[in-house]
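# Descriptive analysis of the structure
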Amino acid sequence: MIAKTFVTSLLFFVATVSLAQQTDYVYYFNEDFGICPKEESVFTGHGREYDNLFNLKVYSNQFPSKPLLVANFTDSTLSVNQGTFQSFYLNGKKETERNYENNILNGLWRKWDSTGHIIDSLMYVNGKVTDSSKYYYSESGILNSFSSTDFKNDKFQQTFYDDSGKVTSEVFFTGQKGIRKDYKDGTVVVDSLFTREEKEASFRGGAQAWLRYITGKLTSNIDKFSEKDYGTCVVRFIIDTTGKVRDVQATTMKGTMLAYIAVEAIKNGPKWIPAMQYGRLVKAYRLQPVTLGSR
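Procedures and definitions
- Residues numbered from 1 in each chain as written.
- Predicted model: local features only at pLDDT ≥ 70, side-chain atom pairs only at ≥ 80, totals over all residues.
- Heavy atoms only, no water.
- Axes fitted to C-alpha atoms, helices over the stretch in contact; angles between N-to-C directions.
- Helix = DSSP H or I, 4+ residues; strand = E, 2+ residues; numbered from the N terminus.
- Parallel < 35°, antiparallel > 145°, perpendicular 65-115°, else oblique.
- Left-handed = near helix turned anticlockwise from the far one by under 90°.
- Contact = heavy atoms within 4.5 Å.
- Nonpolar A, V, L, I, M, F, W, Y, C, P; charged D, E, K, R; others polar.
- Pairing = 2+ DSSP bridges.
- pLDDT = per-residue confidence, 0-100.
- Patch = residues over 30% accessible without salt bridge, like charges linked within 9 Å, V, L, I, M, F, W, Y side chains within 5 Å.
- Areas by Shrake-Rupley, 256 points an atom, 1.4 Å probe, with all protein chains shown as cover.
- Salt bridge = Lys/Arg side-chain N within 4 Å of Asp/Glu carboxyl O.
- Core = buried A, V, L, I, M, F, W, Y, C linked by side-chain atoms within 4.5 Å.
- Buried < 20%, exposed > 50% of the residue type's maximum accessible area, 1.4 Å probe, protein only.
- Expected span 1.5 Å × (residues − 1).

### Quick look at the packing of helix 1 (residues 207–220) against helix 2 (residues 257–267)
For any two helices packed against each other, one specifies the inter-axial angle together with the distance between the axes. Here helix 1 crosses helix 2 at 135°, and the two axes come no closer than 10 Å. Classified by the angle between their axes, helix 1 and helix 2 sit oblique to one another. Relative to helix 2, helix 1 is oriented so that their crossing is right-handed. Residues W210, Y213, I214, K217 and L218 of helix 1 lie in contact with helix 2, whose contacting residues are L258, I261, A265 and I266. A breakdown of the residues in the contact of helix 1 with helix 2 according to their chemical character gives eight nonpolar, no polar and one charged.

Next up, the structure:
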């Protein structure tokens, strides 16, 4: 979908059509949303004045049935964002929604994933973020955790849920000091926290060492591969609080030699440096693509 901010620096109308005293404007955009000739365009925009604003709808030339972007501007030059700005995935679900006042973000900015789950929410006041909320989901779409940050008062809160939607734990911070509440069997265990710092699990030696390890395993088994092994196998695994790799399984290309070699390499590899959250060691989930190119 639209991954880049809508470009307005070079925008001008390309064509106009007058219908019943209502002027329709047509714009042609390249893949970076810059103005271009019609024959080079990837997206086409249609605009007209509506309620004292200029409304623009942009469509993919390949999939023209639903708009990818709906935005409002002060006029047909598209130089000043004013009002609601929305973008959409190709499946028609909303991707983002935000509000502008004279090109400045004001009010709620929200983002959804392609399945319709909200994943980010920001509150803007005169272009500055005052509050932030994030939502995290399992692969099956169940809400795992929700966090909110109050930047003005330096407060942070995060809530964790089990698969049934029941709260399992909560953390509350003011500055770097906070508390954690764990709920189990009708009891509440409260513990003090002294840092908000979080670190992802990492392979000893860094990303390059990890790449060399995986590449070495593929190279040493190169004679075992056939044409059906060319492609990318995605491997899912857990790094526990000791750094040991557990629950390794291929999520794509199952049954191929590439999947077997990739799973065995990760399963029998060295320990990782475990992840940390709020000063505590925690288990971490990781998805690793392993690609075998054709010879």
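### A look at the sheet that holds strand 23 (residues 280–282)
Strand order in this open sheet of three strands is 17-22-23, and the pairing throughout is antiparallel. Each edge of the open sheet carries a strand with a single partner, namely strand 17 (198–199) and strand 23. In terms of strand pairing, strand 22 (residues 275–277) meets strand 23 through three bridges, oriented antiparallel. By the bridge assignment, A275 is partnered in strand 23 with V282.

### Comments concerning the confidence of the model for the chain
Confidence along the chain averages 90 in pLDDT terms, with 92% of residues attaining 70 or more. Note that pLDDT drops below 50 for residues 1–14; the model gives that stretch 41 contacts with residues more than four away or on any other chain.

### Looking at a nonpolar patch on the surface
Among the surface-exposed residues, L108, M123 and V125 lie close enough to one another that they form a single nonpolar patch of about 210 Å² accessible area. Positionally, V125 belongs in strand 10 (residues 118–125).

### Quick word on the nonpolar core
Ranked by internal contacts, the top residues of the largest apolar core, which has 27 residues, are W210, V235, F237, V248, L258, I266 and W272. Broken down by secondary-structure element, the contributors of at least two residues to this core are helix 1, strand 19 (231–239), strand 20 (245–250), helix 2 and strand 24 (284–292). At seven residues, helix 2 tops the list of elements feeding residues into this core. Setting aside residues no more than four positions away along its own chain, F237 makes contact with W210, V245, R246, D247, V248, I266, W272, A284, Y285, R286 and Q288. One finds I35, L56, L105 and L122 within the second-largest nonpolar core, a separate group that totals 20 residues.

### Observations concerning helix 1
Along an α-helix, residues three or four positions apart point the same way, because every turn accommodates 3.6 residues. Over its 14 residues, helix 1 extends 20 Å from the first C-alpha to the last, a length consistent with the 20 Å expected when each residue adds 1.5 Å. Within helix 1, burial applies to A209, W210, Y213, I214 and L218. Summarising the contacts, the buried residues of helix 1 are in contact with strand 18 (202–203), strand 19, helix 2, strand 21 (272–273) and strand 24.

### Notes on unusual backbone geometry
Glycine aside, residues mostly have negative phi, and peptide bonds are mostly found in the trans state. Even without glycine at this site, F33 takes up a positive phi of about 65°. On the secondary structure map, F33 appears in the loop between strand 2 (22–29) and strand 3 (43–50). Backbone geometry at L78 places phi at a positive 60°, although glycine is not the residue there. Positionally, L78 belongs in the loop between strand 5 (67–73) and strand 6 (81–88). Its relative accessible area of 0% is what places L78 among the buried residues.

### What to know about the pattern of salt bridges
The tally for this structure, following the rule as stated, stands at ten salt bridges. E197 is the partner of K199 in a salt bridge, and the nearest nitrogen-oxygen pair spans 3.7 Å. Judged by its relative accessible area of 46%, K199 is partly exposed. The network of salt bridges with common partners includes K94, E97 and R110.

### A few points about the environment of D150
With respect to the element layout, D150 can be found in strand 12 (residues 143–150). Along the primary structure D150 and K111 are separated by 39 residues, whereas in three dimensions their C-alpha atoms are 18 Å apart. The contact partners of D150, leaving out residues within four places of it in the chain, are T130, D131 and K155.

### Quick word on helix 2
Burial in helix 2 covers these residues: L258, A259, I261, A262, V263, A265 and I266. Close packing links the buried residues of helix 2 with helix 1, strand 19, strand 20 and strand 24.

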